[in-house]
Amino acid sequence: AGGLQQAIGQQVAGERPLDRLVACAEHDRHGVRVVRVVPEVGVDRIAVSDPRLRQRSEEVKIEELKKPAFQAWLDDLVDTMYKADGVGIAAAQVGRSIRVFVAVEKDTPHVVINPVVVKKTWRTQDGEEGCLSVPGRYGIVRRHYGFKVRAIDRFGEKIEFDAKGFFARVLQHELDHCDGVLFVG
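Residues numbered from 1 in each chain as written. Predicted model: local features only at pLDDT ≥ 70, side-chain atom pairs only at ≥ 80, totals over all residues. Heavy atoms only, no water.

### Considering the confidence of the model for the chain
Caution applies to low-pLDDT regions: their predicted coordinates should not be interpreted in detail.
Here's step 1: Across the chain, the average pLDDT comes to 81, with 72% of residues at 70 or higher.
Here's step 2: For the stretch residues 1-24, pLDDT sits under 50, and the model shows 35 contacts to residues farther than four places along the chain or on other chains. (pLDDT = per-residue confidence, 0-100. Contact = heavy atoms within 4.5 Å.)

### A short note on the sheet that holds strand β8 (residues 146-152)
Here's step 1: The antiparallel open sheet is built from five strands, whose spatial order is β3-β4-β5-β8-β9. Both edges of this open sheet fall to β3 (88-90) and β9 (158-164), since each of them pairs with a single strand only. With direction set aside, neighbouring strand axes in the sheet form an average angle of 40°.
Here's step 2: One ladder, built from six bridges, connects strand β4 (residues 100-105) with strand β5 (residues 108-120); its direction is antiparallel. By the bridge assignment, phenylalanine 101 is partnered in β5 with valine 112.
Here's step 3: Taken strand by strand, helix α3 (residues 68-83) contacts β3, β4 and β5, and its axis lies near 50° from that of β4. (Pairing = 2+ DSSP bridges. Helix = DSSP H or I, 4+ residues; strand = E, 2+ residues; numbered from the N terminus. Axes fitted to C-alpha atoms, helices over the stretch in contact; angles between N-to-C directions.)

### A look at the packing of aromatic side chains
Here's step 1: The final tally for this structure, using the stated rule, is two aromatic pairs.
Here's step 2: Taking the centre distance of 5.6 Å and the plane angle of 80° together, the rings of phenylalanine 161 and phenylalanine 167 count as edge-to-face. A single burial state applies to phenylalanine 161 and to phenylalanine 167, both of which are buried.
Here's step 3: The residue whose ring lies beneath arginine 96 is tryptophan 73, and the NZ or CZ to ring-centre distance is 4.5 Å.
Here's step 4: Lying across the ring of tyrosine 145, arginine 123 places its NZ or CZ 4.0 Å from the centre. (Phe/Tyr/Trp six-rings, centres within 6.5 Å; stacked < 30°, edge-to-face > 60°. Buried < 20%, exposed > 50% of the residue type's maximum accessible area, 1.4 Å probe, protein only. Lys NZ or Arg CZ within 6 Å of the ring centre and 35° of its normal.)

### Description of the environment of tyrosine 82
Here's step 1: Looking at where tyrosine 82 falls in the secondary structure, it is placed in helix α3.
Here's step 2: When the C-alpha atoms of tyrosine 82 and valine 104 are compared, they prove to be 9.8 Å apart, with 22 residues separating the residues in sequence.
Here's step 3: The residues contacting tyrosine 82, other than those within four sequence positions of it, are Val104, Asp107 and Pro109.

### Re helix α4 (residues 165-178)
Here's step 1: Its 14 residues give α4 an end-to-end C-alpha distance of 20 Å, which sits within 8% of 20 Å, the value for a rise of 1.5 Å per residue.
Here's step 2: The buried count for α4 comes to 12 of 14 residues, which makes it a mostly enclosed element.
Here's step 3: Listed as buried for α4 are Gly165, Phe167, Ala168, Arg169, Val170, Leu171, Gln172, His173, Glu174, Leu175, His177 and Cys178.
Here's step 4: In the stretch just after α4, glycine 180 is the one whose phi turns positive, near 80°. (Expected span 1.5 Å × (residues − 1).)

### Notes on α3
Here's step 1: Over its 16 residues, α3 runs 22 Å from end to end, which matches the ideal 22 Å to within 8%, given 1.5 Å per residue.
Here's step 2: By the burial criterion, the buried members of α3 are Phe70, Gln71, Trp73, Leu74, Asp76, Leu77, Val78, Asp79, Thr80 and Met81.

Right, here's the structure in full:
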């Protein structure tokens, strides 16, 4: 703990300052839960008037996943979501028109890349939603109660979510961002 405390507030040349550290939990490619302590950082969110929020996002090429800068950006996207007290965030919300979003399930952030809807239940449910792109505005939105999505994770591995209830709602909301659909309350 002493080394960690010494690191806070110090800056190594070319690196980000360690103003505040946060814990990020995720699963590695083998399904093992990994908790990392990282500096709190993030990327700037764009305004609701930005036209990029209403455009369909482009697929991410697999080669992009191998770039350290892209992996660091994914970390920043997760940090931005937590900093804004969100349960999901899409790349479009920070000005990148790529099919990437983060969705939280049971305190675990999932990075979802190139999502494709596999199945939706007929059953729908009305629920209150808000959006990090439209701060302070909430509204009732009808969503499918069950929702199945296939995608790849940050390592290029195939993933699939067969979600119900609140997590299904989060997936649908973030997928809307990938398709240029914006919640306005």
